[in-house]
Amino acid sequence: MIGVLLIAQLAMVAHAADTVGACEPLDVSVAVSAPGSSLPRLVAPSFGPFDVMRSAVMPHVERDSRAVPSVTVEYRYVLVTDRVGEYTIPPFEARLGSAAARTAPLHVRVVPAPADATPTVITRARIGTLGRYDARLTAPETVYVGQQADYTVTVFLNAAVRNRLRRNPTFYPPDMQSMLAYDVPGAGSEQHAGGASSCFDALVYRRALFPLQAGRLVIPPAQLTYSLPSGASFFSHEVSHELQTDSAVIVAVDPPAAGRPAEFDGAVGRFRLETRVAAAGGRVGDPLTVTVRVTGTGNVKLLPRPHLDVPWATAVPSDERVHVDSGAAPIGGTKAFDWILTPRIAGELDVPPATYAYFDPATRRYETTRSSAASVRIAPGTLAALDTSRQEPPLAVRTFYDGQTGAPLSSHPVFWLALALVPLPALRARWRDRRRGRGIRAVTPIERVEAARTAATGPAGARMLRRAYVNALADRLGIEAEAFTTAGELRRTLRRAGVSVATAGDAEALLRALDAAAFSGAGAPAPDAGATAVALVRRIDGEALPRRELPFRFIALALMLAVGAGGTLHALQGATAADAFSGGVVAYQEHDFAGARDAFARVVAVAPRAADGWMNLGTVSWTMHDTVGAVLGWRRALGLQPLAGDARNRLGLVHGLRVSSPGYVPPIPVNALLLLMAACWLAASVAWHPSFARRRAWAHAWAGPLAGAAAVLGLGAIALGGRLAARDVAVVRTNTTLSTDPAFGADQGSTVVTGEMVRVLNQQGAWNRVRLDGGRQGWMPAMRLAPLDGSPASGLD
């Protein structure tokens, strides 16, 4: 059959017997020949009403005398049906690039099975993932390293074999290299095999495989031996038979490098974590056991150890225990990892959540799971006898003073004034466009003077002319009109603005004449006063400097004096705080903790927004076993510097700073939100300006959303500022129990330990109603709370 193939082009042929008995195997072979070394792709037709009992592919690469490579592939199928009749198997199709070839259809006649049917045993081996198989699959199954692949061997026995077997066949599984295998329960005898249930019984052997390395992994053929009697007599001897399955191939690939977390250690599957502490409490120096359980689906035997970092104790890895649930589909189980913790500090402490990164082959993505934190109460104690001579080194302090952190932009009135002025140009332009649309034109100051010129008779006319004259000069010079009430002030102002001596003198003389006529009660302006005022205003407008060049040295001088005074005061405060900070660092390094604490307290008293001072004050308080002072200092430092990782980690030494905690600080600077809000507000104002909207048709539609975004960001910045300032947040001074009512002797509720942060909801006499994380809420005495937004010495006594 292979010899009839043409090597120079894509060609194929199919062959099968034209007559077969019902429930007897029908062998179908398809040969495909193609030039080159690439395997063609076979498209198999529908075999109904036949069932595919077995399929195999056998490729061959050959060269002819001219060293031109060609490939020949033979596909073999074993089909069976219990239905009698004449059937047609549609053509097979082979494709290689744009070339295609088809076979002729196969016509098969199925006749009734003879009474003495030949014993038939068919074996097949298949690879699939998550229980999915394709009977016509010819390409190897591709899985990730560590992903489960199902290896199934099925033995089909027809009725003739069933009736003559005296004992069960013997199955010899293959030797599987570079993979871990689990026997799957439930494999055994099945009374059906696809649609040929009346023809064959199926014996199934199944294993779950986990590749341990990348590459092409070949599973050798499995062997089956069985014996059949040579005759119908019970005493006839048996003849042994041996069958082999085809070899199976698995292609294992490593999980993708793109998006791989740094903490990924090779876990493949789907998992969840759980943290348990063996005891609810302990003492400093006494070891206790913490267990992290990894539960899920995957190769649990080879799961790596999770990451657990406990800052307040020494953690030493201990035992590992594995429970494999091989009855599940897919394979799963639980692996428990133990750590021995030796606490170094006392208090109500949290075992931080353990994290675990794994690759999920179902979604083809990396995931990270996290266990919940576990609380444990550590009582004061001593370290082991061999370590009594050692002293734990104190925590490090910040050695450089960076001064005070700038106040939020929201605390400066100039910031809000600037935001209020931003839309004024757009408002003015829209008002001007509206007046133009109504035919109304704004009257200029010079036109007001000309209008008052005709009414310049008597004291009332003199006052009207004077008011228009003074307002026109004030508008041109950019100063207030009241500045000209002092004699000679108008002349000096005009000279500073670049007006000639003669013009300045004439303007001053006219103003004094109008003053005399307006305020004498019986006087009247000169007959030509109106014309003179109009002429002087026009001369001054031509001689004076442009508005942008007008000198305002007195305003600049005042600003310089104010800035200089503020800078001098800030420098004096900074120098005092820097000296105290340096002294505190030296005292701390010399283990003079009391002196260091006093020095850092002076720093925060002089510079309340000095994050370095608050950070070191908390560290010194912690070294002196003052938990409340440590929390106050570190929390104030974190409120000033939300991105400070050392302050956030130090707070974790006392209690885990959860998102639900009243003292939680989002890692977002408030000025970032304010600047983003200002940018959105500015963009909305520009988009709303008529001149910009006329050039950009889309601009007007964006003005509203941008203004809305600015409002949302502004509200978020205000809420974030309140969170950073820790308003209505306090630290618990001593261990206490919440009461249901503000009175001694009331029913007791949850326990609150030293150093926890609470939110004060309201106050009634000497009692405060507080709320904590975890839904805890109740009353406690106000004297047991140290407010976070109080004076620098709050809670540090």
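Residues numbered from 1 in each chain as written. Predicted model: local features only at pLDDT ≥ 70, side-chain atom pairs only at ≥ 80, totals over all residues. Heavy atoms only, no water.

Draft legend 1. Main features of the packing of helix H11 (residues 611-623) against helix H12 (residues 627-640). It is at 7 Å that the axes of H11 and H12 come closest, and there the two elements cross at 160°. Considering their axes alone, H11 and H12 lie roughly antiparallel with respect to each other. Crossing angle aside, the handedness with which H11 passes H12 is left-handed. Contacts between H11 and H12 involve Ala611, Trp614, Met615, Gly618, Thr619, Ser621 and Trp622 on the former and, on the latter, Gly629, Ala630, Gly633, Trp634, Arg636, Ala637 and Leu640. Tallied by class, the residues present in the contact of H11 with H12 amount to eight nonpolar, five polar and one charged. (Axes fitted to C-alpha atoms, helices over the stretch in contact; angles between N-to-C directions. Helix = DSSP H or I, 4+ residues; strand = E, 2+ residues; numbered from the N terminus. Parallel < 35°, antiparallel > 145°, perpendicular 65-115°, else oblique. Left-handed = near helix turned anticlockwise from the far one by under 90°. Contact = heavy atoms within 4.5 Å. Nonpolar A, V, L, I, M, F, W, Y, C, P; charged D, E, K, R; others polar.)

Draft legend 2. Examining the pattern of salt bridges more closely. Considering all chains together, one arrives at 21 salt bridges under this definition. In this structure, Glu274 engages Arg276 in a salt bridge whose closest nitrogen and oxygen atoms are separated by 2.7 Å. For Arg276, a relative accessible area of 42% gives the class partly exposed. Among the salt bridges present, the one from Arg377 reaches Glu348, with a minimum N-O distance of 2.9 Å. Placement of the pair is Arg377 in strand E30 (residues 374-379) and Glu348 in strand E27 (residues 347-351), with a sequence separation of 29 residues. The exposure class assigned to Arg377 is partly exposed, which follows from its relative accessible area of 45%. Using a relative accessible area of 22% as the deciding quantity, one classes Glu348 as partly exposed. A single network of salt bridges, built from pairs that share partners, joins Glu93, Arg95 and Arg102. (Salt bridge = Lys/Arg side-chain N within 4 Å of Asp/Glu carboxyl O. Buried < 20%, exposed > 50% of the residue type's maximum accessible area, 1.4 Å probe, protein only.)

Draft legend 3. Broad picture of the sheet that holds strand E19 (residues 223-229). Sheet architecture is open: three strands sit in the order E14-E19-E20, paired in antiparallel fashion. Each edge of the open sheet carries a strand with a single partner, namely strand E14 (170-172) and strand E20 (238-244). When strand polarity is set aside, the average angle formed by the axes of neighbouring strands in this sheet is 20°. As paired strands, E14 and E19 are joined by three bridges and run antiparallel to one another. In the strand pairing of E19, Phe171 is matched with Leu224. (Pairing = 2+ DSSP bridges.)

Draft legend 4. Focus on the nonpolar core. With 55 residues, the main nonpolar core has Phe600, Trp634, Met677, Val731, Met757 and Leu788 as its most contacted residues. When residues of this core are assigned to their parent elements, the largest contribution, eight residues, is made by H12. Among all residues touching Leu788, those that are not within four sequence positions of it are Leu632, Arg635, Arg636, Ala726, Val729, Ala730, Val731 and Met757. Val20, Ala44, Tyr87 and Ala101 belong to the second largest nonpolar core, which has 29 residues in total. (Core = buried A, V, L, I, M, F, W, Y, C linked by side-chain atoms within 4.5 Å.)

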